[in-house]
Amino acid sequence: MRKLIIANWKMNPGGIKEAVKLAGASDFKGAVIAPPYVFIPAVKAVLKKAALGAQDAFWEESGAYTGEISPGTLKKMGVGYVVIGHSERRRRLSETDEMINKKLLASLKSGLKVILCVGEDKSIRKKGFSAAKNFVRNQLKKNLRGVKSSVISHRSLVIAYEPIWAIGTGRPARPRDAVLMHAFIKKFLASKPYVLRPRIVYGGSVNSGNIGSFLANPEVEGALVGGASLNASEFRKILKIAAGY
Ligand code: PGA
């Protein structure tokens, strides 16, 4: 199965011209491009091979929710994937596990594929793998409440393991640590009540120099790329390497 490489542009680039240019250069099979909301129609018009993503979605379908965008609207705009529960939203915007669960359920209901981000911070990781595992298990339990294989298809869920201390720092997790966590997530979600087989991808300071060491492991089924997805030639290198696995 082809590895999935997701470009999370975050609040970049600053203008539509740059967004269209970057999308054109990133348009490869196996990629998902998640631009800021306002660039979605322009990016959609450019993409022929890559899928279109969004960086968030609200849990209601319409109504008096200033500034929010519904999953149904995103779907109608041609969006296929939505990132839910990114640590930047959890921490900076105080998104709770309950909010994330509501967003995830509403997105799945609208037919979007969900990329759920989980991962521990540095203080937890310092306590060891067991503590990190407990933290991630707890996030999964709360964020996936009400989700099981009988209600969703396996392919509609992607779990992005993103240790917070590795995001935007230039210091990725060690591939073997990521592999251990991926194996744990896989086992946990394969059991009852979930019985799910989501794709599990790694995120946190991924670049063309280190992507191979992650993707070489079958447990790592792709990557969520932030900073490096903003540099067209760097992102193309990442996609090229990913296509070899
Ligand atoms: P990074 O971001 O690649 O810049 O570390 C990853 C992410 O936040 O998804």
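Parameters and conventions
- Note that residues are indexed from 1 along each chain, following the sequence as it is written.
- In view of the model being predicted, local features appear only for residues whose pLDDT reaches at least 70, and side-chain atom pairs are presented and counted only at 80 or more, with totals across whole chains, interfaces and linings using the full set of residues.
- Think of the side-chain values as coming from all heavy atoms in the structure, minus any hydrogens and water.
- Cavities and pockets were defined on a 1 Å grid built from protein atoms only: a cavity is a group of points that admits a 1.4 Å probe but offers it no way out, a pocket is an open group of points flanked by protein on both sides within 12 Å along at least five of seven lines, and a lining residue is one with an atom within 4 Å of any such point.
- Grid points are joined across faces, edges and corners, and a volume is the space filled by probe spheres set on the points.
- When residues are sorted by character, Ala, Val, Leu, Ile, Met, Phe, Trp, Tyr, Cys and Pro go into the nonpolar class, Asp, Glu, Lys and Arg into the charged class, and all the rest, Gly among them, into the polar class.
- Labels follow the DSSP assignment, with helices taken as runs of H or I lasting at least four residues and strands as runs of E lasting at least two, numbered in each case from the N terminus.
- A helix's residues, less one, multiplied by 1.5 Å, set its expected span.
- Here a residue-residue contact requires only that any non-hydrogen atoms of the pair lie within 4.5 Å.
- Per-residue accessibility, obtained with a 1.4 Å probe over protein chains only, is compared with the maximum for each type, and a residue is labelled buried under 20%, exposed over 50%, and partly exposed between these values.
- Polar contacts, as counted here, are pairs of nitrogen or oxygen atoms within 3.5 Å of one another; within protein the pair requires one atom able to donate a hydrogen and one able to accept it, and residues that are adjacent in sequence qualify only if both atoms are side-chain atoms.
- The near set for a molecule or strand comprises every residue that places at least one heavy atom within 4 Å of it.
- Each accessible area is a Shrake-Rupley estimate made with a 1.4 Å probe; only the visible protein chains count as cover when residues are assessed.
- Paired strands are those between which DSSP finds at least two bridges.
- Within this scheme, the nonpolar core is defined by two criteria: the residues are buried Ala, Val, Leu, Ile, Met, Phe, Trp, Tyr or Cys, and they are joined through side-chain atoms within 4.5 Å.

J.: Is there a simple way to explain the layout of surface pockets in this structure?
T.: Gaps left between atoms are located by rolling a probe of water-molecule size over the structure's atoms. Of the voids in this model, the largest pocket is the one considered here, and its volume is about 400 Å³. For the largest pocket, the lining is made up of 14 residues, of which K10, M11, P36, Q55 and R89 are closest to its centre. Residues belonging to the lining of the largest pocket are distributed by class as follows: 7 nonpolar, 3 polar and 4 charged.

J.: Hey, could you run me through helix α5 (residues 97-109) in this one?
T.: Structurally, the α-helix is built with 3.6 residues per turn, so residues lying three or four positions apart point the same way. An ideal rise of 1.5 Å per residue puts 18 Å on 13 residues; α5 measures up with 18 Å between its terminal C-alpha atoms. Along its buried surface, α5 packs onto α3 (71-76), β4 (81-84), α4 (87-92), β5 (113-118), α7 (129-143) and β6 (157-161). In the segment just after α5, G111 is the residue with positive phi, at about 90°.

J.: Could you clarify how one ought to interpret the side chain of R125 in this entry?
T.: Along the chain, the position of R125 falls in helix α6 (residues 122-126). The buried category is assigned to R125, whose relative accessible area is 16%. For R125, the side chain forms a polar contact with the side chain of E120, separated by 2.9 Å. Contact partners of R125, with chain neighbours within four places excluded, come to E120, A132, Y161, W165, D177 and M181.

J.: I tried to follow the site of the ligand on my own but got confused; where do I start?
T.: Every one of the 13 residues lining the ligand counts as a neighbour, but K10, H86, E162, G168 and S205 are closest to it. Between H86 and the ligand, the recorded distance is 2.7 Å, taken from a side-chain N or O atom to an oxygen atom. One of the backbone nitrogen or oxygen atoms of G168 is found 2.6 Å away from an oxygen atom of the ligand. If the ligand stood free it would expose 280 Å²; the protein chains cover 94% of that surface.

J.: Is there a simple way to think about the pairing of β6 in this case?
T.: With 5 of its 5 residues buried, β6 lies for the most part within the structure. Of the two faces of β6, both are covered, the one formed by L157, I159 and Y161 as well as the one formed by V158 and A160. Pairing analysis gives 5 bridges linking β5 to β6, with the strands arranged parallel. Within β6, the position partnered with I115 by the bridge is V158. Two elements, β6 and strand β7 (residues 199-203), share 4 bridges in a ladder whose sense is parallel. Bridge assignment links I159 to a residue of β7, and that residue is I200.

J.: Whenever I open this one, the nonpolar core confuses me. Can you help?
T.: Side chains of nonpolar character tend, in soluble globular proteins, to be buried together. Among the nonpolar cores identified, the biggest contains 62 residues, and I5, L140, L144, I159 and I185 are the most heavily contacted of them. For this core, the element with the most residues is helix α8 (residues 175-190), which contributes 7 residues. Sequence-distant contacts of L140, that is, excluding residues within four places in its chain, are made with L116, V118, I159, I185, F188, L189 and Y194.

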